[in-house]
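Commentary on secondary and tertiary structure
One-letter residues, chain by chain:
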Amino acid sequence: FYDLIYFLLYTAVPLYSLKMQCHETFLITCIHTVFFFRKNPLWGAANTGLARWLPAEYEDEENQPKGWNTGRQYSGFQLPLVREVSNEIMCGSSMAVLEDSAYSQMLVDWGQYIDHDISFTPQSSSRSTFAEGRDCLHTCSNADPCFPMQTPKEGKLSSNKSCLPFFRSSPACINVQTDMRPAGQRQQMNSVTSFIDASTVYGPSADLEKTLRNLSSSEGLLAVNSEYSDDGRPYLPFVSVQPSACLQEPGSEPAARVECFTAGDSRVNEILPLSVLHTLWVRESAKGTSDGHFTEIITMRDYVPKIMGREAFDEYLGPYAGYNDSVNPSVSNVFATAAFRFGHVTISPRLRRLNESFQEHQRFSSLSLHQTFFSPWRLVREGGLDPVLRGLLGRPAALQNQEHLMTEELKERLLVLNIPETLDLAALNLQRGRDHGLPGYNDWRAFCGFDRAETRSDLVELVGSGVLVEKIMDVYGHPNNIDVWLGGLLERPVSGARTGPLFACLIGKQMKTLREGDRFWWEHPGVFSPKQRQELQTHSLSRVICDNSGVTEVPLDPFRLGSYPEDFVFCGNVPSMDLEAWRDVKNVKYYYNLK
Ligand code: HEM
Ligand SMILES: [Ca+2]
């Protein structure tokens, strides 16, 4: 039966959708959210529950986050305030941020971009408490959906209130898993498709995709900005509801507003490099090529081994073993809420903008990270994509450093939309983990088959710093109480990796499900012909940059930090795909690839 359905999906449905939406002779991918007919149609689909790999731990078993009830004891201690943990541990000294000697800032921003393809945990749409209607921005008491982060006296941020606002994540309506869920327990949602399928470009649903397309284009191309262009290349369109919340150039006329960009993912404006990556892929999509599959290849071939290390990659993923319909590809709660947020400590406090010789730009100086939040005007008015792209390629990522974990740009000056005060990303990550009832660090170590850290000396072994372990024990009291995001982050990195053993395990397991649980994974026999697969492998992020920006020299591997000019090549020397492999239209099965 499934074979029959499979056949239909590769023939009838593609032909139908081709008629509806496709364009260009060289089209490879058209739509990517068709999920009916599958054995488990909700697995990996947008707006379904995040998968639970361990049962949730709520204070009332069902709904109340960890830390909700003051005085509640865990292993004999109260959980520390998240802002206190952040103050004590994330920013222990004023030592300068270290630079990664191996990897570029592009590695970091790719991490954020790909994360936005695979997870988005929506927050409560209600801004005030259900019972009394008190606004979550102003109350410092816990009442659903408000779970404010109390601040220690010396840890106040811009508003000078005794707490920072926090909106609980929405409870999930559709759950895809029953085994790990005691009935009635609160679960959280993923509002995007878990699959790596360029939902950042086309949106996670056919409806959103329609709004992103240029309706007057017979070829079904994505809409682009009608007011501004980047030296002839398109920008993303502006959001339709204007004026939007994005920041404006100081002193600019109201008529010269640069609104928020719109894209397949609504977080596109958060920081400048993210908008740059979104724009590149919208430009690339106009070529009618298979951006979803390129994203898979770049992620699994070029990105994942660098963050988890080659050895751990071989252990947790190994070579592609084919599609397995009993693997649930849905993103897990612990991956989205803890493990993949490892990236938050690899972000550099400054965004460099570089000229054609990869030196500081004469006109557009480097920026503090917070100056790039929700500021699309800095692309439109300050030289377009190229100076930022060169900065991402030519400057290092921040190297996680136990003396100075998260840049103050994110710890003290984070902006998120609709909250008119600055926030602390470390505190938010910790509070989000408690909101979701994530089990603690030790439980996740056991889940991965590692020993629990029972004593200080166990922790010193894992973390590698007695001073840091003192601080951890001072705030948490007991190793079992350590929040999983923090514990995972502090582990010494695996050799050749940017994550410790716990996060390498959790990221490795997740990446395996995303690969093996995806029927349309590019290596799955039948999705492409062997010749096409060979061609797809010649494609690279460097080629995408060359084809869609004014950058003319790139490193062959854009995630590796190189020196200019020795490690850079001219775009003419960057391999590109030969589309001949797609010309054989008789080969319907391979031609109409559908995700
Ligand atoms: C300057 C860059 C970045 C900023 C400003 C940023 C900011 C944020 C914010 C505000 C959240 C939501 C926090 C919450 O309320 O729970 C978030 C979530 C997240 N971030 Fe980042 N982030 C950045 C870079 C990264 C990077 C480099 C990675 C990974 C390599 C990453 C991975 C994640 C993940 C997995 C989530 C959870 C997504 C979800 O399921 O909703 N972020 N980030
Ligand atoms: Ca997706």
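Residues numbered from 1 in each chain as written. Chains lettered and ligands numbered in written order. Predicted model: local features only at pLDDT ≥ 70, side-chain atom pairs only at ≥ 80, totals over all residues. Heavy atoms only, no water.

1. A short note on the overall build of the protein
The condition is simple: Secondary structure elements are taken from DSSP: a helix is a run of H or I of four residues or more, a strand is a run of E of two residues or more, and numbering for both begins at the N terminus. A 1.4 Å probe rolled over the protein chains alone gives each residue an accessible area, and that area as a share of the maximum for its type sets the label: buried under 20%, exposed over 50%, partly exposed in between. Here the open area of atoms and residues is found with the Shrake-Rupley method and a 1.4 Å probe, where only the protein chains shown may cover a residue.
Broken down by element type, the protein carries 22 helices and 14 strands. Here the protein, with 595 residues, has 60% of them falling under the buried criterion. About 23100 Å² of surface is accessible on the protein, with carbon and sulfur atoms providing 52% of the total.

2. As for the packing of helix H7 (residues 272–285) against helix H12 (residues 385–394)
Applicable threshold: Throughout, an axis means a line fitted to C-alpha atoms (over the contacting stretch in the case of helices), and angles, computed between N-to-C directions, take values from 0 to 180 degrees. Orientation is classified from the angle alone, with under 35 degrees giving roughly parallel, over 145 giving roughly antiparallel, 65 to 115 giving roughly perpendicular, and any other angle giving oblique. By the convention used here, residues are in contact when the closest approach between their heavy atoms is within 4.5 Å. Here the nonpolar group is Ala, Val, Leu, Ile, Met, Phe, Trp, Tyr, Cys and Pro; Asp, Glu, Lys and Arg are the charged ones; every other residue, Gly included, is treated as polar.
Where H7 contacts H12, the two axes come as close as 10 Å, and the packing angle between them is 110 degrees. The angle between H7 and H12 falls in the class roughly perpendicular. Together, Leu 272, Pro 273, Val 276, Thr 279, Leu 280 and Arg 283 of H7 and Leu 385, Val 388, Leu 389 and Leu 392 of H12 make up the contact between the two elements. Residues belonging to the contact of H7 with H12 are distributed by class as follows: eight nonpolar, one polar and one charged.

3. With respect to the environment of Ser 226
Here Ser 226 lies in the loop between helix H6 (206–212) and strand E8 (229–230). Classification of Ser 226 by relative accessible area gives exposed; the value is 73%. Distance in space between the C-alpha atoms of Ser 226 and Phe 77 is 58 Å, their sequence separation being 149 residues.

4. Re the environment of Thr 121
The topology assignment puts Thr 121 in the loop between helix H4 (105–118) and strand E5 (149–150). What makes Thr 121 buried here is its relative accessible area of 13%. Placed 71 residues apart in sequence, Thr 121 and Val 192 show a C-alpha to C-alpha distance of 8.4 Å. Setting aside residues up to four positions removed in sequence, Thr 121 forms contacts with Leu 50, Ser 169, Gln 188, Met 189 and His 436.

5. Observations concerning the packing of helix H8 (residues 291–308) against helix H19 (residues 501–516)
To keep things clear, this is the line we draw: Throughout, a crossing is termed right-handed when the near helix is turned clockwise from the far one, and left-handed when it is turned anticlockwise from it by less than a right angle.
At a minimum axis distance of 10 Å, the contact between H8 and H19 shows a crossing angle of 160 degrees. What the angle tells us is that H8 and H19 run roughly antiparallel. Every pair of crossing elements has a handedness; the one defined by H8 and H19 is left-handed. Of the residues in H19, those touching H8 at Met 300, Val 304, Ile 307 and Met 308 are Ala 504, Ile 507, Gly 508, Met 511 and Arg 515. Split by residue class, the contact of H8 with H19 holds seven nonpolar, one polar and one charged.

6. Regarding unusual backbone geometry
Of note, the amide linkage connecting Gln 242 to Pro 243 takes the cis form, showing an omega dihedral of 0 degrees. Examined against the element boundaries, Pro 243 turns out to sit in the loop between strand E9 (233–234) and H7. For the bond running from Tyr 564 to Pro 565, omega is 5 degrees, close enough to zero to count as cis. Along the chain, the position of Pro 565 falls in the loop between strand E13 (553–554) and strand E14 (569–570). Notably, Ser 75 is not glycine yet its phi reads approximately 45 degrees, a positive angle. You can see Ser 75 is positioned in the loop between strand E2 (73–74) and strand E3 (77–78). With relative accessibility at 38%, the residue Ser 75 sits in the partly exposed group.

7. A look at the pattern of salt bridges
Our working definition: A carboxyl oxygen of Asp or Glu within 4 Å of a side-chain nitrogen of Lys or Arg is what we treat as a salt bridge.
Considering all chains together, one arrives at 33 salt bridges under this definition. The salt bridge involving Arg 310 is made with Asp 314; its shortest N-O contact spans 3.6 Å. Of this pair, Arg 310 and Asp 314 both sit in helix H9 (residues 310–316), separated by four residues, roughly a single helical turn. A relative accessible area of 48% places Arg 310 in the partly exposed class. Note that Arg 434 and Asp 483 form a salt bridge whose closest N and O atoms lie 2.9 Å from each other. Of the two residues, Arg 434 is situated in helix H14 (residues 425–435) and Asp 483 in the loop between helix H17 (466–476) and helix H18 (484–490); the sequence distance between them amounts to 49 residues. The residues Arg 434 and Asp 483 share a single accessibility class, namely buried. Where salt bridges share partners, they join Asp 144, Arg 168, Arg 186, Arg 432 and Asp 435 into one cluster.

8. Quick word on the packing of aromatic side chains
Note the cut-off: Ring pairs are drawn from Phe, Tyr and Trp, using the six-membered ring of Trp, whenever the two centres fall within 6.5 Å, and their geometry is named by plane angle: stacked under 30 degrees, edge-to-face over 60, tilted for the rest. Here, over-ring charges are defined by two tests on the NZ atom of lysine or the CZ atom of arginine: distance to the ring centre within 6 Å, and angle to the ring normal within 35 degrees.
Tallied over the entire structure, the rule returns 18 aromatic pairs. Ring geometry for Trp 110 and Tyr 113: centres 5.5 Å apart, planes at 50 degrees, overall tilted. Here Trp 110 pairs with Tyr 113, and both are found in helix H4, just three residues apart, close to one helical turn. With a relative accessible area of 0%, Trp 110 lands in the buried category. Assessed through its relative accessible area of 1%, Tyr 113 is described here as buried. When the ring of Tyr 235 is compared with that of Phe 261, the centres are 6.1 Å apart and the planes differ by 20 degrees; the resulting orientation is stacked. Of this pair, Tyr 235 sits in the loop between E9 and H7 while Phe 261 is found in the loop between E9 and H7, placing the two residues 26 residues apart along the sequence. Phe 261 sits in the buried class, given a relative accessible area of 1%. Clustering of aromatic rings is evident, with ring pairs tying together Trp 110, Tyr 113, Trp 281, Tyr 303, Phe 335, Phe 340, Phe 342 and Phe 559. Positioned above the aromatic ring of Tyr 74 is the side chain of Arg 72, whose terminal nitrogen or guanidinium carbon lies 5.6 Å from the ring centre. A cation over an aromatic ring shows up here: Arg 127 above the ring of Phe 167, its NZ or CZ 3.7 Å from the ring centre.

9. Re the coordination of the iron atom of ligand 1
To be explicit about the condition: Distances up to 2.8 Å from the metal define which N, O and S atoms are donors, and 3.2 Å serves for Na, K and Ca; water is absent from the atom set, so sites may look incomplete.
Within the protein, a single donor atom binds the iron atom of ligand 1, namely His 344 (NE2) at 2.1 Å. Mapped onto the fold, His 344 is located in the loop between helix H10 (333–337) and strand E10 (350–351).

10. Thoughts on the UniProt feature "binding site: heme b" (unreviewed entry) in the protein
Using the following cut-off: UniProt positions are given in the numbering used here, feature names are shortened, and annotations may be inferred rather than shown by experiment.
The UniProt record marks His 344 with the feature "binding site: heme b" (unreviewed entry), using the residue numbering of this structure. The residues touching His 344, leaving out its near neighbours within four places in the chain, are Met 406, Leu 410, Leu 425, Asn 429 and Trp 485.

11. A closer look at the site of ligand 1
Selection rule: The nearness test applies per residue and asks whether one of its heavy atoms lies within 4 Å of the molecule or strand. Polar contacts, as used here, are pairs of N or O atoms within 3.5 Å; protein pairs need one atom able to donate a hydrogen and one able to accept it. Residues neighboring in sequence count only if both atoms are side-chain atoms.
By nearness alone, 27 residues border ligand 1, and Asp 115, Ser 119, Thr 121, His 344 and Arg 432 come closest of all. The separation between a nitrogen atom of ligand 1 and a polar side-chain atom of Gln 112 is 3.4 Å. With respect to ligand 1, the side chain of His 344 contributes an N or O atom lying 2.9 Å from a nitrogen atom. Elements that contribute at least two residues to the shell around ligand 1 include exactly H4 and H14. If you tally residues by element for the shell around ligand 1, the top one is H4, at four residues. Class assignment of the residues belonging to the shell around ligand 1 gives a composition of 15 nonpolar, seven polar and five charged.

12. Some remarks on the state of the cysteines
A covalent bond bridging the sulfur atoms of two cysteines is what the word disulfide describes. Here is the rule: In plain terms, two cysteine sulfur atoms within 2.5 Å form what is called a disulfide here.
Tallied over the entire structure, the rule returns five disulfides. A disulfide bridge connects Cys 136 with Cys 146, and the sulfur atoms are separated by 2.0 Å. Looking along the S-S bond of the Cys 136-Cys 146 disulfide, the torsion reads about -80 degrees, which is the left-handed sense. A residue pair is termed long-range when its members are at least 10 positions apart, and Cys 136 in the loop between H4 and E5 and Cys 146 in the loop between H4 and E5 qualify at ten residues. Judged by relative accessible area, which is 0%, Cys 146 ranks as buried.

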